[in-house]
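# A closer look at the structure
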Amino acid sequence: MGRAAARGSRLRGLLLGGVVVVVVVVLCGTAAAGGPGTAPLLCNVSLDSPAEERWLPVLRHFEPAFLRAAVARVIDETVPKWVHEVIQPIAAELESFMPQPFAGEIMGLCKALGISLGDGVLLNFAYESTAFCTSIVAQDEKGNIYHGRNLDYDFVDILSKITIDVQFIKSGQIAYQGTTFLGYVGLWTGQSPHKFTVSGDERAGGSWWENAIAAFLNRNYPVSWLVRDTLSRAEDFQSAVLRLAGIPIIAEVYYIVGGVSPKEGMVITRNRRGPADLWPLDPLSGAWFRVETNYDHWTTPPPFDDRRTPAMKALNATGQQNINFDTLFQVLSVKPVLNDNTVYTTVMSAAFPEKYQTWIRTMK
């Protein structure tokens, strides 16, 4: 996924993402393989458990030395020295800048892995700084909404080993679910059953680290934390769009949202303080799908990273009458939409939550 020259250095920050993600507490098992890829580890996560303890059972499925080595490499190769100088002196106070449950989860993971809280926060920032992706929301002729995404990063060999599907359980029910990398508290891909689906794509902005640190210290949400927070709070498509469009965040991003009713599809182009653009589905005018990669939809993507055009051609060749989970997966498998940096593909529809499916991808 794109911008080849810049990606090499920036994507090193992806290695492990950040430290601590959601909270696995019971039942972790390997899901069955499916399609031209393998389904990731499927975990049930109890939101009723203390935030500091949620990740401990899932860590037993992974080698601590591998995770600590990844942490060290991210910090060494990605985080600017001046950021260390800003964050480390106030590490003991960082909890006051972070909302729950994220603060508790980060603290619990850092303690379990034997790393500092400051490093845990820096790792979350490193992940947030780059997220190359392709997201598609589409409506079939019957009004069903489908949502698919490819998540692309460097270090595919490592990230494919720590990709997990997570079902967040509250009072015995699935409150929401998503796909993430072990060690990261946010979600870039998720679904609230019978309500809405969300994916996030990076939007390039200047002076990322300077602006992100300033915004964080001003208590703005990291981009992927807002996705997870919205999945836990919003009651429907409209309320999800309002939250994702309006709450201040630390970096620019594209949020792609799908609902359960006809026309409930939206690409939100975000600035840090609010929306730059809202781009809805308009099936009555023939716009039955929207494709978002990592460039403003009203601009032309650069020739060296044009995933938009092949995706649109594949969707038009498929046709609205034929769009479904399988054909959307096929669109996301067209080169270069699928590429050497694609870690996973997810297809989902909030109206059919049991159909949520992720594949860890490899290019041959």
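Small disclaimer: the values here were computed from a predicted structure and weren't measured.

A count of helical and extended segments in the chain gives 12 helices and 14 strands. The proportion of buried residues among the 364 residues of the chain is 62%. Considering only contacts within the chain whose residues lie at least 6 apart along the sequence, 69% involve residues at least 24 apart. For the chain, the computed accessible surface area is about 13,600 Å², with 53% contributed by carbon and sulfur atoms.

The next subject is the environment of V86. Of note, V86 is situated in helix α4 (residues 81-87). Looking at V86, the relative accessible area reads 30%, which means it is partly exposed. Separated by 127 residues in the primary sequence, V86 and I213 have C-alpha atoms spaced 8.7 Å apart. Each residue touching V86, except ones within four places of it in the same chain, is listed here: I213 and L217.

This part takes up the packing of helix α3 (residues 64-77) against helix α6 (residues 117-128). Two elements in contact, α3 and α6, have axes separated by 10 Å at closest approach and are oriented at 70°. On the basis of their axis angle, the class for α3 and α6 is roughly perpendicular. Taken as a pair, α3 and α6 cross one another with a handedness that is left-handed. Side by side, α3 and α6 meet where V71, V74 and I75 of the first sit next to D119, L123 and A126 of the second.

In this section: the confidence of the model for the chain. Per-residue confidence for the chain averages 86 on the pLDDT scale, and 89% of its residues sit at or above 70. Contacts for the low-pLDDT stretch residues 1-35, under 50 throughout, to residues beyond four places or in other chains number 150 contacts.

So, on to empty space enclosed by the protein. Throughout the structure, instances matching the rule amount to one cavity of 30 Å³ or more. Each pocket or cavity is described by its volume, and for the largest cavity that value is around 40 Å³. Lining the largest cavity are E128, S129, W188, E202, R203, W208, V223, A251, E252 and V253. Partitioned by chemical class, the residues of the lining of the largest cavity number five nonpolar, one polar and four charged.

By size, the foremost hydrophobic cluster in this structure holds 79 residues, and its most contacted members are L94, M98, F125, F181 and Y255. A total of seven residues in this core trace back to one element, the largest contributor, which is α6. Core analysis: the next-biggest nonpolar cluster, separate from the first, contains 18 residues, F289, A314, F329 and W359 among them.

The next subject is the packing of α6 against helix α8 (residues 208-217). It is at 11 Å that the axes of α6 and α8 come closest, and there the two elements cross at 130°. Relative to α8, α6 is oriented oblique. The chirality of how α6 crosses α8 is right-handed. Taken together, the residues of α8 that come into contact with α6 (itself represented by V121, L122, F125, A126 and E128) are W208, W209, I213 and F216. A class-by-class count of the residues in the contact of α6 with α8 yields eight nonpolar, no polar and one charged.

A word on the side chain of S349. Inspection of the secondary structure assignment puts S349 in the loop between β13 (342-348) and β14 (357-360). Judged by relative accessible area, S349 falls into the buried class, the value being 1%. For S349, the residues in contact, after removing those within four places along its chain, are I145, Y146, Q191, T197 and F325.

Take helix α5 (residues 102-113) next. Note on helix geometry: an α-helix contains 3.6 residues per turn, so any two residues three or four positions apart are oriented the same way. Along its 12 residues, α5 runs 16 Å from first to last C-alpha, staying within 8% of the 16 Å computed at 1.5 Å per residue. Counting buried residues in α5 gives nine out of 12 residues, a clear majority hidden from the surface. Of all the positions in α5, only F102, A103, G104, E105, I106, G108, L109, C110 and L113 are classed as buried. Turning to α5, the residues buried within the fold contact α2 (56-59), α3, α6 and α9 (223-233). Positive backbone phi, at 75°, marks G114, one or two positions downstream of α5.

So, about the sheet that holds strand β4 (residues 145-152). With antiparallel pairing, the five strands of this open sheet are ordered in space as β12-β3-β4-β13-β14. Two strands lie at the open edges of the sheet, namely β12 (289-292) and β14, each paired on one side alone. Neighbour-to-neighbour, the strand axes of the sheet open up by a mean angle of 10°, direction not taken into account. Contacting β3 (132-139) and β12, helix α11 (residues 308-318) runs over the sheet at an angle of about 160° to β12.

Attention now goes to the environment of L284. Summarising the element assignment, L284 is placed in the loop between β11 (275-280) and β12. Under the relative-accessibility criterion, L284 is labelled exposed at 77%.

For the rest of this paragraph, the subject is the packing of aromatic side chains. When we look at a pair of aromatic rings, we describe it by the centre distance and by the angle of the planes. Taken as a whole and assessed by the stated rule, the structure comprises 10 aromatic pairs. Taken together, a centroid distance of 4.9 Å and an interplanar angle of 85° make the contact between W288 and F289 edge-to-face. As far as the burial class goes, W288 and F289 line up, both buried. With a centroid separation of 4.2 Å and an interplanar angle of 50°, the aromatic rings of F329 and W359 are classed as tilted. Pair noted here: F329 is in helix α12 (residues 325-331) and W359 is in strand β14, with a separation of 30 residues, a long-range link.

Cut-offs and rules
Residues numbered from 1 in each chain as written. Predicted model: local features only at pLDDT ≥ 70, side-chain atom pairs only at ≥ 80, totals over all residues. Heavy atoms only, no water. Helix = DSSP H or I, 4+ residues; strand = E, 2+ residues; numbered from the N terminus. Buried < 20%, exposed > 50% of the residue type's maximum accessible area, 1.4 Å probe, protein only. Contact = heavy atoms within 4.5 Å. Areas by Shrake-Rupley, 256 points an atom, 1.4 Å probe, with all protein chains shown as cover. Axes fitted to C-alpha atoms, helices over the stretch in contact; angles between N-to-C directions. Parallel < 35°, antiparallel > 145°, perpendicular 65-115°, else oblique. Left-handed = near helix turned anticlockwise from the far one by under 90°. pLDDT = per-residue confidence, 0-100. 1 Å grid on protein atoms, 1.4 Å probe; cavity = no way out; pocket = protein on both sides within 12 Å on 5 of 7 lines; lining within 4 Å. Points joined across faces, edges and corners; volume = space filled by probe spheres on them. Nonpolar A, V, L, I, M, F, W, Y, C, P; charged D, E, K, R; others polar. Core = buried A, V, L, I, M, F, W, Y, C linked by side-chain atoms within 4.5 Å. Expected span 1.5 Å × (residues − 1). Pairing = 2+ DSSP bridges. Phe/Tyr/Trp six-rings, centres within 6.5 Å; stacked < 30°, edge-to-face > 60°.

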